[in-house]
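What the coordinates show
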Amino acid sequence: MKTGLLARRTFLAGAAVGPLVSARAQTSLPDKQVQLLVGFVTGGCIDFIARKIAVPIERRIGRHVTVINRPGGPGAAPGEMLKKDAGEGTVLAFMPSTTLVSSLVPPGFGFDPLTDLTAITIAGTWPIGLAVSPSIGVRTFDEYVKWLKNDDPKRRKLGSTASDTFVQIFSTMIGKDTDSTFDPVSYRTSNPMLADLKDGRLPAAVAGMTSLLEHHRGGRLRLLMTTAPKRLPNLPDVPTAREIGYPGLEDLEWFAFYAASKTAPDIVNEWNRQIVATMADPSLGIELAEFGMTTETSTPEEARARMDGHLTMWRERMLKVGMTPNN
């Protein structure tokens, strides 16, 4: 019998998002079915989180919310679809900030985050984690750096499920800070990467804590550090990058909800009101925290400023490691 996360994922992926409340909430949103676009495969961590949030949103607004998966590349398909959307407010996207980073690198990205999208609200934050396979026998980041100094090129493999651009920048930052070189290995989804870590085919990986936390607890990988500003409450024994002497690796990524840029401000503001109220449920926050996500919401203006600042930060990081941003 399926238990735990697997059972929940199976239910959320295979069933309707949830029963509607008998009396619809007071809302000015269009009285139509809503599509929530996710740029990653069904059953993955980002898909799971999107569906977990979609359930109470649907119940709150009294409209069917259908999660639609459009996987591929860095998860950019939802942004490309919103770029073409008429802006009625019935199509939203749920995307991680790591997807937006890919817009900084040529050739042409499918959309411009700052002109083709309207940010509705931040949904939550999560740090990046560096994890190693238990088979390599290291327990600390310093031990891992020493282990890398061996001439065996297989030791330099560094897996990631983030966009190619993101992992290239991040691995270059780690390499520069540790005087090491890496061979980035990209995975379309987290499951094969985690299986390779567990079985020793991949020595190390960087990924969002939403992908790594459960497997660290199960002993299938070992987290050596996170990029969070401070230690996570549910990982008190895992140090931060700053604590172990690499403050330049500090980073906090985030999820956000988006609409098409053509969407009227009153619809954007109403979506903000409804999603922020949904995310305020403490029980939802507790569930999401189990996967390394800290609930955080914002106004549309604050979300837009977060996007702008985040892209500026990564543009500066690219220049620092010798990469040329697209814009």
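Refer to the structure presented above.
Bear in mind the structure is a predicted one, so any value in this text is a computation, not a measurement.

1. Quick notes on the overall build of the protein
A tally of helices and strands in the protein yields 11 helices and 10 strands. Against the compact-globule benchmark of 20 Å for 327 residues, the protein has a radius of gyration of 20 Å, which places it among compact chains. Taken over the C-alpha atoms alone, the protein extends approximately 65 × 50 × 30 Å along its principal axes. Of all intrachain contacts in the protein linking residues separated by at least 6 positions in sequence, the fraction that spans at least 24 positions is 78%.

2. Let's talk about the packing of aromatic side chains
Overall, the coordinates contain 8 aromatic pairs when judged by the stated rule. Their ring planes at 55° and their centres at 6.4 Å tell us that Phe141 and Tyr144 sit as a pair that is tilted. Of this pair, Phe141 and Tyr144 both sit in helix 5 (residues 141-148), 3 residues apart, roughly one helical turn. Each ring, one from Tyr144 and one from Trp147, has its centre 6.2 Å from the other, and the planes form 20°; the classification is stacked. You can see Tyr144 and its partner Trp147 sitting in helix 5, 3 residues apart, about one turn around the helix. Neither residue differs from the other here; Tyr144 and Trp147 are each classed as buried. Taken together, the ring pairs connect Phe94, Trp126, Phe255 and Phe257 into an aromatic cluster. The ring of Trp314 carries the charged tip of Arg317 above its face, separated from the ring centre by 4.7 Å.

3. Points about the pattern of salt bridges
Counted according to the given criterion, the structure contains 11 salt bridges. The partner of Lys32 in a salt bridge is Glu88, and the shortest N-O contact between them spans 3.5 Å. Here Glu88 lies in the loop between helix 3 (77-84) and strand 3 (91-96) and Lys32 lies in the loop between helix 1 (4-14) and strand 1 (34-38), a separation of 56 residues in the sequence. The exposure class assigned to Lys32 is partly exposed, which follows from its relative accessible area of 47%. The partner of Glu243 in a salt bridge is Arg231, with the nearest N and O atoms 2.9 Å apart. Note that Glu243 is positioned in the loop between strand 8 (222-226) and strand 9 (252-260) and Arg231 in the loop between strand 8 and strand 9, a separation of 12 residues in sequence. Linked through salt bridges whose partners overlap, the residues forming this network are Asp196, Lys198, Asp199 and Arg201.

Thresholds, definitions, all that
- Residues numbered from 1 in each chain as written.
- Predicted model: local features only at pLDDT ≥ 70, side-chain atom pairs only at ≥ 80, totals over all residues.
- Heavy atoms only, no water.
- Helix = DSSP H or I, 4+ residues; strand = E, 2+ residues; numbered from the N terminus.
- Rg over C-alpha atoms; globule rule 2.2 N^0.38 Å.
- Contact = heavy atoms within 4.5 Å.
- Phe/Tyr/Trp six-rings, centres within 6.5 Å; stacked < 30°, edge-to-face > 60°.
- Buried < 20%, exposed > 50% of the residue type's maximum accessible area, 1.4 Å probe, protein only.
- Lys NZ or Arg CZ within 6 Å of the ring centre and 35° of its normal.
- Salt bridge = Lys/Arg side-chain N within 4 Å of Asp/Glu carboxyl O.

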